[in-house]
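Read off the chains here:
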Amino acid sequence: QVQLVESGGGLVQAGGSLRLSCVASGSIFSLNPMGWYRQAPGKQRELVADITTAGSTKYADSVKGRFTISRDNAKKMVYLQMNSLKFEDTAVYYCHALKKTLGGFDNYWGQGTQVTVSS
């Protein structure tokens, strides 16, 4: 079992920045990749960014050049630096981890942290 806890969300004006953090606990081995998803009301959850233990990253087209994902493997933490925020970035942001198991893999999700970008 893995627990993921996000922090760092809040209210920010358009053009501002926020840094989200996620810490993993429990059975934290083989969490790869870790990343961030977001979901706005009435919308499907979408991948924002993820990162492997080796440092390979992937970003949604809508956030490329503005968001940066990073990972501290020793601390089992993942971060999302969000710059030049837009109103369209408003959503609940969820930390995510994929965990390999003997039988396959499991998906783990945090409770989410609200990011609200005002005009």
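What counts, and at which threshold
Residues numbered from 1 in each chain as written. Predicted model: local features only at pLDDT ≥ 70, side-chain atom pairs only at ≥ 80, totals over all residues. Heavy atoms only, no water. Disulfide = S-S within 2.5 Å. Helix = DSSP H or I, 4+ residues; strand = E, 2+ residues; numbered from the N terminus. Pairing = 2+ DSSP bridges. Axes fitted to C-alpha atoms, helices over the stretch in contact; angles between N-to-C directions. Phe/Tyr/Trp six-rings, centres within 6.5 Å; stacked < 30°, edge-to-face > 60°. Buried < 20%, exposed > 50% of the residue type's maximum accessible area, 1.4 Å probe, protein only. Lys NZ or Arg CZ within 6 Å of the ring centre and 35° of its normal.

### Some points on the state of the cysteines
Part 1: This model, assessed by the stated rule, comprises 1 disulfide.
Part 2: Through a disulfide, Cys-22 is tied to Cys-95; the S-S separation comes to 2.0 Å. Because the torsion about its S-S bond is -85°, the bridge between Cys-22 and Cys-95 counts as left-handed. Linking Cys-22 in strand β3 (residues 18-26) with Cys-95 in strand β9 (residues 91-101), this pair joins segments that are 73 residues apart in sequence.

### Observations concerning the sheet that holds strand β1 (residues 2-7)
Part 1: Taking strand neighbours across the sheet as the criterion, the 4 strands line up as β1-β3-β8-β7 in an open arrangement whose pairing is antiparallel. Each of the sheet's edge strands pairs with one partner strand only, and the pair in question is β1 and β7 (67-72). Across the sheet, the mean angle separating the axes of adjacent strands is 15° when strand polarity is ignored.
Part 2: Looking at chain direction, β7 and strand β8 (residues 77-82) are connected through 6 bridges and run antiparallel. Within β8, the residue paired with Ser-70 across the bridge is Tyr-79.

### Considerations on the packing of aromatic side chains
Part 1: Considering all chains together, one arrives at 1 aromatic pair under this definition.
Part 2: When the centroid spacing of 4.9 Å and the interplanar angle of 70° are considered together, the rings of Tyr-37 and Trp-109 count as edge-to-face. Taken together, the positions of Tyr-37 in strand β4 (residues 31-39) and Trp-109 in strand β10 (residues 104-109) put the pair 72 residues apart, joining distant regions of the chain.
Part 3: Taking relative accessible area as the criterion, Trp-109 reaches 35% and is therefore assigned partly exposed.
Part 4: In this structure, Arg-45 is placed above the aromatic ring of Tyr-94, and the distance from its NZ or CZ to the ring centre is 3.8 Å.

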